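Analysis of the macromolecular model
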There are 2 protein chains.
Amino acid sequence: MKASLITIGDEILIGQTVDTNSAWMGHELNKFGIAVQEILTVSDKKTDIHSALKRSMEQSDIILITGGLGPTRDDITKISLAEYFGAEMIFHQEILDALTKYLEGRGRKLTEESKSLAMVPANCTVLRNKKGTAAAMWFDEQGCIIVSMPGVPHEMKNFMNEEVIPRLKERGIISNIIHHTILTAGVGETVLADKIRTIEDGLPDNISLAYLPNLGTVKIRITGRGDDPDKLANEVRQLAEEITHKIEKYVFAQEDISLEQALGNLLAQTGKKAGTAESCTGGYIAQQMVSVPGSSAYYNGSIVAYSYGLKEKLLNVNRPIMEEKGAVSEEVVRMMAEGALEQLEIDYVIATSGIAGPGGGTPDKPVGTIWMAVGSKNRIKTKLFKLTPHRDVNIPLTANLALNELRKFLLNENGEV
Amino acid sequence: MKASLITIGDEILIGQTVDTNSAWMGHELNKFGIAVQEILTVSDKKTDIHSALKRSMEQSDIILITGGLGPTRDDITKISLAEYFGAEMIFHQEILDALTKYLEGRGRKLTEESKSLAMVPANCTVLRNKKGTAAAMWFDEQGCIIVSMPGVPHEMKNFMNEEVIPRLKERGIISNIIHHTILTAGVGETVLADKIRTIEDGLPDNISLAYLPNLGTVKIRITGRGDDPDKLANEVRQLAEEITHKIEKYVFAQEDISLEQALGNLLAQTGKKAGTAESCTGGYIAQQMVSVPGSSAYYNGSIVAYSYGLKEKLLNVNRPIMEEKGAVSEEVVRMMAEGALEQLEIDYVIATSGIAGPGGGTPDKPVGTIWMAVGSKNRIKTKLFKLTPHRDVNIPLTANLALNELRKFLLNENGEV
């Protein structure tokens, strides 16, 4: 079973937008054993859309299209699909009703242009959009499945998770594949691969491993294929246990969750509260913690203190010491942690102070020098990291490393590591 | 003159790597008046590379290929190109010498595998790699220019800047395409389209408009094509002015920058400082502000106060009023703003308090109810928004709306709106 992805939009061809949708979709499809044959990016022109569709339908069984579904005139995906399949455009009252309701809920009114969103090709099954205004369309044509979705990433993802994958499952296109994810943090993929080499060398043909590194974490994905679901589930579970045993101290989850979610789960178990004092990460850790629904139960807040003045005023950092050692120092990050423990009414703390770049580096403390502290009122643990020259890497990487440090601290304190 | 881009690599099809090269190349080519017809991403398989090459050579005059040039066995771009053109692979002593020197400079030695880097198709012009090990290749075949470059972004960029663009210039391959971007915030694309409908209806054939919406912002892109560069630049500039005039109050930039960058530019001009008091956005606004290099010049920090206790303690929010009105209320968000102005040593403030969801909604205040305040010591402006049921949309959307409110406040205070 092969898939082709078609991305429609001039904005991608002229480089104004980076196509992140295709990578996400490729990753999802791959998880379910569907290989992506090709990714085609074409303009908002009918002939180009038709040409891409023809090629993809010749090569693949499943064609997933994103983009060009808005209400404005440059959005011509729908009409192009209708023409390609020789179908009429028909009006769907249900789409208009849902759209009117969606807009009303947001205090907005239906405009003349947005009415065009209710017109779709007669030969498609309409998939309702729960995250936005443009519906998606599912076609069964010439032995292919073709799905056209909006290009807005969170809308596309919702369609994939709630419509496309379940429907492919229903049809038995993605049965008999089992995935298991082991999430690790604080270790590189080559070290992990070394540690489980003997296991990997002895894998049976129906099971494969993939390593997916991302900013301080590595996802190990086990994929198993087989006819007997129970036997397969057993095989995969056993393998996951063997692997976990070899790399136990790096593993933070046996499911595909974020570090902030894993840390949140731990905190929720303890019934205690955490907070953060951030300099170089500038609120990034706070927003990660808060991105988890229900985080208000265990996360109190953050003091983002970018300046010397605020570090002193809000976090009681000793000014003379800060001036002697610099804001990026073990002493300051420890005082930030202590200050936050006092100020934020919390039991556990993360503090960061570093040089994210591109400016601010010195020979002693080049860009990428990061001090962090995690701990509780009883004990604070500090750690120095030397990261990259790139601000856009250093900030999220620091955040992940810090979340992992607090996670380890909590486990240690509760006698689990 | 049209170009096609071919990206070679299994890692992109399975979603392990996001293809950022194509966007960069598309942007560069456009600047020089070359339209990208299509982007094709294919696997490291000979047949797929041949198929992509055939299609691209039928559609375009210039084909830029990235990826698959390393020394390992899965890198088969060179041999695939040689076979496609019916050319032999030949050995280049100069490549080997340059490679040996490059590796020596880094304390590394030539391996048996890396010697394969000196073999190239006989029909190509070799382009020397100044940033890495694999040479690039320039082909003139069947009326097309085909260039094959490494996929490592900084190596590819160096080849583009120092070899490809200069060689295309030498050959006089240039027509004129001009883009202009107008960035708007706080308005939907359909409302914008309604407001500039008469302009859009009267557009000449050589000029087109596109709307690119993203979480509270809409990018309007004008694209013009024509033989006379000065005349075209004039046409596009005039059109941009006309459009801007119709939608002036929503426009925040005439170039492709983020809202946090636009706000940062304004703040840097005033020489004053801003800070934030965040509840529902939980540090998201802080990390947006801090994501801009140099933001420490105008951004002091944030108090992320998730609990009632912290709102009272750190932001001096009056507890009885908070208990009467609720944390998500005009009164509380105003007091949060006032508290932050006092605590953060700042001139301008953003405060947010809302129900991001999925829990916490009530009939009176459903999920998506967001209060925000922006202002200075002289004046604070509050505003209520009713957003979506989705936490992952509400948080970044609130952040963008709030950044835009402070931007408007600053302009207003400085008499510009």
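For the structure itself, look to the data block above.
These notes cover the structure that comes with them. (Residues numbered from 1 in each chain as written. Chains lettered and ligands numbered in written order. Predicted model: local features only at pLDDT ≥ 70, side-chain atom pairs only at ≥ 80, totals over all residues.)

So, about the pairing of strand 13 (residues 274-278) of chain A. Residues and elements named next belong to chain A. Where burial is concerned, most of strand 13 is hidden: five out of the five residues are buried. Judged by which residues are buried, strand 13 turns out to be covered on both faces: A274, T276 and E278 on one side and G275 and A277 on the other are all buried. Pairing of strand 13 with strand 14 (residues 299-305), which is carried by five bridges, proceeds in the parallel orientation. Across the sheet, the residue bridging to A277 is I303, located in strand 14. Examined bridge by bridge, strand 13 and strand 15 (residues 348-354) share five bridges and lie parallel to one another. When the sheet's bridge partners are listed, G275 is paired in strand 15 with V349. (Buried ≥ 20, exposed ≤ 12 C-beta atoms within 10 Å, placed from the backbone. Helix = DSSP H or I, 4+ residues; strand = E, 2+ residues; numbered from the N terminus. Pairing = 2+ DSSP bridges.)

Residues and elements named next belong to chain B. It is at 10 Å that the axes of helix 3 (residues 46-59) and helix 4 (residues 77-84) come closest, and there the two elements cross at 55°. One way to sum up the angle between helix 3 and helix 4 is to call them oblique. Helix 3 and helix 4 meet at a crossing whose hand is right-handed. Taken together, the residues of helix 4 that come into contact with helix 3 (itself represented by K46, I49, H50 and L53) are T77, S80, E83 and Y84. Classifying every residue of the contact of helix 3 with helix 4 by side-chain character gives three nonpolar, three polar and two charged. (Axes fitted to C-alpha atoms, helices over the stretch in contact; angles between N-to-C directions. Parallel < 35°, antiparallel > 145°, perpendicular 65-115°, else oblique. Left-handed = near helix turned anticlockwise from the far one by under 90°. Contact = placed C-beta atoms within 7 Å. Nonpolar A, V, L, I, M, F, W, Y, C, P; charged D, E, K, R; others polar.)

The interface is formed by 66 residues belonging to chain B together with 64 residues belonging to chain A. A per-element tally of the side of chain B that touches chain A places strand 14 (residues 299-305) of chain B first, with seven residues. Looking at the side of chain B that touches chain A, its residues break down into 32 nonpolar, 24 polar and 10 charged. With five bridges joining them, strand 14 of chain A and strand 14 of chain B adopt antiparallel strand pairing. In the sheet register, V304 of chain A faces strand 14 of chain B, and the bridge partner there is S302 of chain B.

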